[in-house]
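# Remarks on the overall topology
Residue-level listing of the chains:
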Amino acid sequence: MKKRIVFITDCVDLAYNELRGVILNNIKSDKIIIEPVAPVAPFSIINGNFVLRLMAETYPKGTVFSVILNPSKERPARLIGKTKKKDIYFMGANTGVFTWLFRDFGVEELYELNDPGFFPFGGKYVHAPAVAQIAMGKPLKNMGHPFDIKKVVKNDIPCGTIFHIDNFGLMKFTGELTGLNEGDKLKVNVSGKILMAVYAKRMMSRETGEWIIYSGSSLGLLELGKVRENGAKKLNVEIGDIITFKKI
C-alpha cells in the first residue's frame, strides 16, 4: 500500500518546494507519495486545527501529516505520534494545533522528537527529514521520548469562531441551526458588524448579493456567505472572528 505525506503549513511559497525536496532526498521508496500542500492562513493555529482535522477526515488510513505552523515566541516541543482512529501519523509543534484531531481521533502513541537544537527554518532541517523517516516506517519510539498527553497544549475555541475562509469568501464557523426553516430571516453579528441574512439549505439558489447562513460541507460547521460575491472581503473579517445570529 502506498503511504502519503501531507504538509499542512503556512509555508506555501518557495519554502514548500524546499520541504518537498528534502523529503524526496530522504526517501528510498516509490510507494511514498507527497501530496500537494494543504495551505493554512499565516500564523493561524485556529485555521491549522481545521485544516488538519479536515484532512484527517479525508485522507486514508496511515497517512503522515506534517504540520509546520509555529507563531510561538518560545520554542515548543516537536511532537510525533499516531492516532487511535485510522492510524494517522503526525508531526508538529506543541502549539494547540492538534486539539481537534486528538479530541476526535484519540492518541495511540505520543513522543517528543529528540531535539537537535535550533536551526533557521527547522521545518526544512529537522522536521522534514523526520517525517521522511516516519513515512519509511522507522519506529516512533526510536525517534524521541514519551510525551505526557497532559502537557499537550489545548486551543479552547469559543462557539461562533470562524475556522476558515475560502477563496469565495465563505466563512466556516461553529454554531447551531436548531429551529430554523427555509427562508427564515436572521440578524447576524460578525465581530460587531451587523447584517441581515436568511437561512437556506442551498446557498446558490438565492439571489446574487444576499447574505445566507447554511449548513456547510465541512465537519458539521455552518457557513456564512454572500451569494456569488466575496462576503468575507466585503466585511473585512478574519479567521478567529466570532459570528452570532438570531431569528427575527
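As shown above, the structure is provided for reference.
Let us look at the structure shown here. Throughout, residues of each chain are indexed from 1 in the direction in which the sequence is written. Predicted model: local features are reported for residues with pLDDT of at least 70 only, side-chain atom pairs are reported and counted for 80 or more only, and whole-chain, interface and lining totals are derived from all residues. As a rule here, side-chain values come from all non-hydrogen atoms in the structure, and water together with hydrogens is ignored.

Turning to the packing of aromatic side chains, a few remarks are in order. Aromatic ring pairs: the centre-centre distance and the angle between the two ring planes describe each pair. Pairs were defined over the aromatic rings of Phe, Tyr and Trp, the Trp ring being its six-membered one, requiring ring centres within 6.5 Å. Orientation was assigned from the angle between planes: stacked under 30 degrees, edge-to-face over 60, tilted for the rest. Within this structure, the stated rule accounts for eight aromatic pairs. The interplanar angle of 50° and the centroid separation of 5.0 Å between the aromatic rings of Trp100 and Phe163 together place this pair among those described as tilted. You can see Trp100 sitting in helix H3 (residues 99-105) and its partner Phe163 sitting in strand E9 (residues 162-165), a full 63 residues away along the chain. Like Phe163, Trp100 is buried. Among the aromatic residues, those joined into a ring-pair cluster are Phe90, Phe98 and Phe102. Only when the NZ atom of a Lys or the CZ atom of an Arg is both within 6 Å of the ring centre and within 35 degrees of the ring normal do we say a charge sits over the ring. Over the aromatic face of Phe105 sits the side chain of Lys85, whose NZ or CZ is 4.7 Å from the ring centroid. Helical segments are the DSSP runs of H or I of at least four residues, strand segments are the runs of E of at least two, and each set is numbered from the N terminus. The buried label goes to any residue with under 20% of its type's maximum accessible area, the exposed label to any with over 50%, and the partly exposed label to all in between, with areas taken from a 1.4 Å probe on protein chains only.

Below, the discussion takes up the side chain of His164. Mapped onto the elements of the fold, His164 is located in strand E9. The term polar contact refers here to a pair of N or O atoms within 3.5 Å; inside protein, the definition further demands a hydrogen-donor-capable atom paired with an acceptor-capable atom, and it admits residues adjacent in sequence only when both atoms are side-chain atoms. Reaching out from His164, the side chain makes a polar contact with the side chain of Asn47 at a distance of 3.0 Å. Not counting residues within four places of it along the chain, the set of residues in contact with His164 comprises Asn47, Phe50, Leu170, Met171, Lys172 and Ile239. For this analysis, residues touch if any pair of their heavy atoms sits within 4.5 Å.

All right, on to the pattern of salt bridges then. Any two side chains of opposite charge can pair, given that their charged atoms come close. Criterion for a salt bridge: a side-chain nitrogen of Lys or Arg within 4 Å of a carboxyl oxygen of Asp or Glu. Counted under the stated rule, the structure contains 13 salt bridges. In this structure, the salt-bridge partner of Glu109 is Lys82, at a minimum N-O distance of 3.9 Å. With Glu109 in strand E7 (residues 109-113) and Lys82 in strand E5 (residues 78-82), the pair connects residues that are 27 residues apart, well separated along the chain. The exposure class assigned to Glu109 is partly exposed, which follows from its relative accessible area of 24%. Since its relative accessible area comes to 15%, Lys82 is described here as buried. For Glu229, the salt bridge goes to Lys226, with nearest N and O atoms at 3.1 Å. The class for Glu229 is partly exposed, based on a relative accessible area of 26%. Classification of Lys226 as buried rests on a relative accessible area of 14%. Each of Arg53, Glu57, Arg103 and Asp104 takes part in one network of salt bridges that share partners.

Bringing the layout of surface pockets into the picture now. With a 1 Å grid spanning the protein atoms alone, the term cavity applies to any set of points in which a 1.4 Å probe fits but cannot get out, the term pocket to an open set with protein on both sides within 12 Å along at least five of seven lines, and the term lining residue to any residue with an atom within 4 Å of a point. Grid points are joined across faces, edges and corners, and a volume is the space filled by probe spheres set on the points. If you add up the space inside the largest pocket, you get close to 540 Å³. Along the wall of the largest pocket there are 27 residues; nearest its centre are Asn70, Arg78, Ala93, Gly122 and Gly123. Among the secondary structure elements, those contributing two or more residues to the lining of the largest pocket are strand E4 (64-68), strand E6 (89-93), E7 and helix H4 (122-135). With three residues, the top contributor of residues to the lining of the largest pocket is H4.

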